Amino acid sequence: MFKTPNKYILLFLVLAFSFVYRMLLVHWATYPPGADIGLHESVVNSITLSGNTNFLWNNYQMGGGLSLTFPGYHIFVSNVILMTGIPDYLAHSLVASFFSSFIVLCAFLIGRRVWGESTGFIVAFLVTISRFDVEMLVWGGFPNAVTLLLIPVVFYLYLERERFSMVPFLVTTTILSGAIFLTHSLSAVMFVCITFSTVILAAIFSKRVSVSKKHILTWLLPIFLGAILVSPFLAEAAPAYLGANSETFTGGVSDIRLALLSTRVLPLEWVIPLFACVIFFFLFSKKYRGKFLTVPALLLTLWILVPMIFTQAYLVGIYTDYNRFLYFIILPLILLIALGIDHGAGFFARITDTYLSLTKKTAQTKKNTRKISRLLSRLSRKSMYAGFALSFLIFSFFVVPIFLTPFRGVEIQSFYQAMNDPRYEAMQWSRQNTPVGSVFVSDAYYGWWFSGFAERPTLSAVDPQYLALAREFEPAKVAKSLLDTNYMIDNGLIQVREDGGYVGRHNPVILAKLNWTYFPYSFLNFNNSKTRIQYRIGDSLQFLYLDQLPVKEMRMENDTEHATIVVEKGNDFFNYTQLTTVYKGVRFVDMSITVESAVEGVSLDWVQFFVNSKGTVLQPMQNKTVGLLDEGVKAFCQLIFNKEQPEVKSVNDENPCILELFYNLQGESKGEIQLSVSAYSVTDDLRFYQDPETTADYFNKIITDNLISSQEPISNLPLDVFDYQKAVNDWNISYIVCRDSEIIPKFAGDPAFSLVFINNDVAIFMVKKGVA
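Another aspect to go through is the nonpolar core. Generally speaking, a soluble globular protein has its nonpolar side chains buried in company with each other. Ranked by size, the top nonpolar core spans 151 residues in total, and within it Phe191 and Met427 carry the most contacts. The greatest single-element share of this core, amounting to 16 residues, is contributed by helix α19 (residues 326-361). Setting aside residues up to four positions removed in sequence, methionine 427 forms contacts with Met419, Tyr446, Trp449, Phe450, Phe453 and Ala454. Residues Val441, Phe609, Cys637 and Phe722 belong to the second largest nonpolar core, which totals 74 residues.

The following block contains the structure:
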């Protein structure tokens, strides 16, 4: 295809562009994007700062504890940092980009070995802007990026076995196999499963693939020797994986299992085509190598099939992030696309060449026709092939979703970007001005950076589907709850969150437990900043918003059968007490509100609530109750007014719905308000939503039944409660790192916290010991 000097120059340019392209995207906003770089830095610091020789222990991540992040990459980066003195985040990006860019070279070698040089160059071009490889760098999957190079290098050496004597082959592949085992656990599993599957099938069909069983069985030796090479580490890692923390992979932590099934299962429109595409390896093998069944065809087929089978592991009770398996199929998938481009370009070049030959023979004597014929005849088949191949490459870059144009790359980089100058400043301040060992709490993205670069144990508010260990679930849950609210009660049927009295936002918020997702759905909330109370001091008319009323006390009262959130507020003239109670097994939440004058001469006129809700009001509204329906998520909500009937007005009928509840207290010195609220999933049968009359009949029956049975237990699930004061003490939390401007008032107004650092992006609150 190219002259020898030119092809090496071209390959070098492609390789150089690949490295520069990756580094530019990673450092487009100065700091590398993604959160996982913080995890890797915490492993590096656990190795270098503490002299820790237990590679399965992380001093900082999720407050410190057992870690299943394999240390091969981190040992390498630690040495790069020690030898060069460059900033840690730059060392991470350089090492990961270097290994990732060399996947291009490996892809070229495999493509050339199996299908020919032209295919090798096409696959090199495609891998250069492979979205999955680049995106892995952007979100910080650096060890996986390293093993995504090491695995195909070993496979290439397997395919080139005849070119090496036994000793150099075994030494090289053993070291590479050991590096895979030491660097990334999931990669090691994929490498072993793909290799064993290929060896077994090739041995069974050894005559048809024209390879001796002895030859193919030598592929297994590097696996055993590599495992022996790093056996001291594997001996420590195996009990950690197979012990108590392995319940993460067997569904022992139900929240992690349900979150994974809700968010990380691949859709069928991806799964079926990916399983089906492997047939093309055998078809191309027949065209290029003369027979359907060959060792390269088997290897590439299983290179896709094995990870794809693992994406369906939930069917047999294995739970993990199934999307991660897609990274292992990208290189063979790109090889298949390159084959398609090579075949298509060759086909159209032949057709065009044949057409031009016929045109030349049958050309007429007209002057213009002869000129065009002579011009076209100068085009060689190689030139036409190159033109078609280039056209198909450009088409693939812009149309096929697994490739990444620079513009799309910048968008993805911005999506994952977790760090900027103010956030980095806050980490540096924390590292220099807080005691070593102080426990911090932060959000998911920033928290992982914080644990690594601030060198402090940090509880990060990570969603369950992204957790690797069972022991990480509780600290992540505490961090997520603490940064969202002050109190939470969940009985398995409904969830309530209460921000307390220092911020007007969720006071409380009612969340439905939907039957199709793990994550509760915020359906309805009261808001202290919208709740208004009118009262009189003698003949003087006064009113205030509830969030302006000072907090007297907040607490959680709970036992095994119920939990109550108590918020007491008051001033010199009246007190306001709100009790929010959730009972075990009961779907409805009870809210009891008491407004009482504190001195003589104070009378209470009215309380006006504005309730924000999803969905629309079900018409007609019945006496003592209101029903709401969010048809999009098939969720229903009902308010039942147990004592006094308020005047109910629909301020906004459409989603989001706003209801006004107006309670007339009639100038008394004390008023009591009681209501019950629930939200939950209802039928997804479309018959009940297509006809308005059918819809009304179906939900009117539900509303009527709930008026009778709202307090009846319907399950035996235990109560799950969160009390921010208890959590702060139990986890020995010293500092709260807050980036959400909406949440900052929750900590700023609470005497249990003191603001110690703030800039344009980050506020850090210190926990006052003995107060929280």
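Next comes the rest of the description.
This part takes up empty space enclosed by the protein. Within this structure, the stated rule accounts for four cavities of 30 Å³ or more. Estimates place the volume of the largest cavity at around 90 Å³. Around the largest cavity, the lining residues are Ile103, Asp133, Leu148, Ile151, Pro152, Trp303, Tyr327, Phe328, Ile330 and Leu331. Sorting the residues of the lining of the largest cavity by element identifies α7 (142-159) and α19 as the ones contributing at least two each. If one sorts the elements of the lining of the largest cavity by residue count, α19 sits on top with four residues. Here the lining of the largest cavity is built from residues that sort into nine nonpolar, no polar and one charged. Each pocket or cavity is described by its volume, and for the second largest cavity that value is around 60 Å³. In terms of lining, the second largest cavity is formed by 10 residues, of which the most central are Val43, Ser46, Ile47, Phe55 and Trp57. Listing elements by their share of the lining of the second largest cavity, those giving two or more residues are α2 (36-48) and β1 (57-58). Counting residues per element, the lining of the second largest cavity draws most heavily on α2, at three residues.

Next up on the list: the state of the cysteines. Inspection of the entire model under this criterion finds zero disulfides. Free cysteine: cysteine 106, not disulfide-bonded; nearest cysteine sulfur from cysteine 277 at 19 Å.

Scanning all chains against the criterion turns up 51 aromatic pairs. Judged by centre distance (6.2 Å) and plane angle (40 degrees), the rings of phenylalanine 155 and tyrosine 158 are tilted. With phenylalanine 155 and tyrosine 158 both in helix α7, this residue pair falls three residues apart, about one helical turn. The pair phenylalanine 155 / tyrosine 158 is uniform in exposure class, with both members buried. Relative to phenylalanine 699, the ring of tyrosine 689 lies with its centre 6.2 Å away and its plane at 55 degrees, an arrangement referred to as tilted. With a gap of 10 residues between them, tyrosine 689 in helix α26 (residues 687-690) and phenylalanine 699 in helix α27 (residues 692-709) connect regions that are remote in the sequence. Side by side, tyrosine 689 and phenylalanine 699 carry an identical accessibility label, which is buried. For lysine 7, the ring lying beneath its charged end belongs to tyrosine 8, and the centroid distance is 5.6 Å. The aromatic ring of tyrosine 724 is capped on one face by lysine 746, whose charged end is 6.0 Å from the ring centroid.

For helix α18 (residues 295-310), with 16 residues, the first-to-last C-alpha span of 22 Å sits near the 22 Å given by 1.5 Å per residue. With 14 of its 16 residues buried, α18 lies for the most part within the structure.

Cut-offs used in this document
- Residues numbered from 1 in each chain as written.
- Predicted model: local features only at pLDDT ≥ 70, side-chain atom pairs only at ≥ 80, totals over all residues.
- Heavy atoms only, no water.
- Core = buried A, V, L, I, M, F, W, Y, C linked by side-chain atoms within 4.5 Å.
- Buried < 20%, exposed > 50% of the residue type's maximum accessible area, 1.4 Å probe, protein only.
- Helix = DSSP H or I, 4+ residues; strand = E, 2+ residues; numbered from the N terminus.
- Contact = heavy atoms within 4.5 Å.
- 1 Å grid on protein atoms, 1.4 Å probe; cavity = no way out; pocket = protein on both sides within 12 Å on 5 of 7 lines; lining within 4 Å.
- Points joined across faces, edges and corners; volume = space filled by probe spheres on them.
- Nonpolar A, V, L, I, M, F, W, Y, C, P; charged D, E, K, R; others polar.
- Disulfide = S-S within 2.5 Å.
- Phe/Tyr/Trp six-rings, centres within 6.5 Å; stacked < 30°, edge-to-face > 60°.
- Lys NZ or Arg CZ within 6 Å of the ring centre and 35° of its normal.
- Expected span 1.5 Å × (residues − 1).

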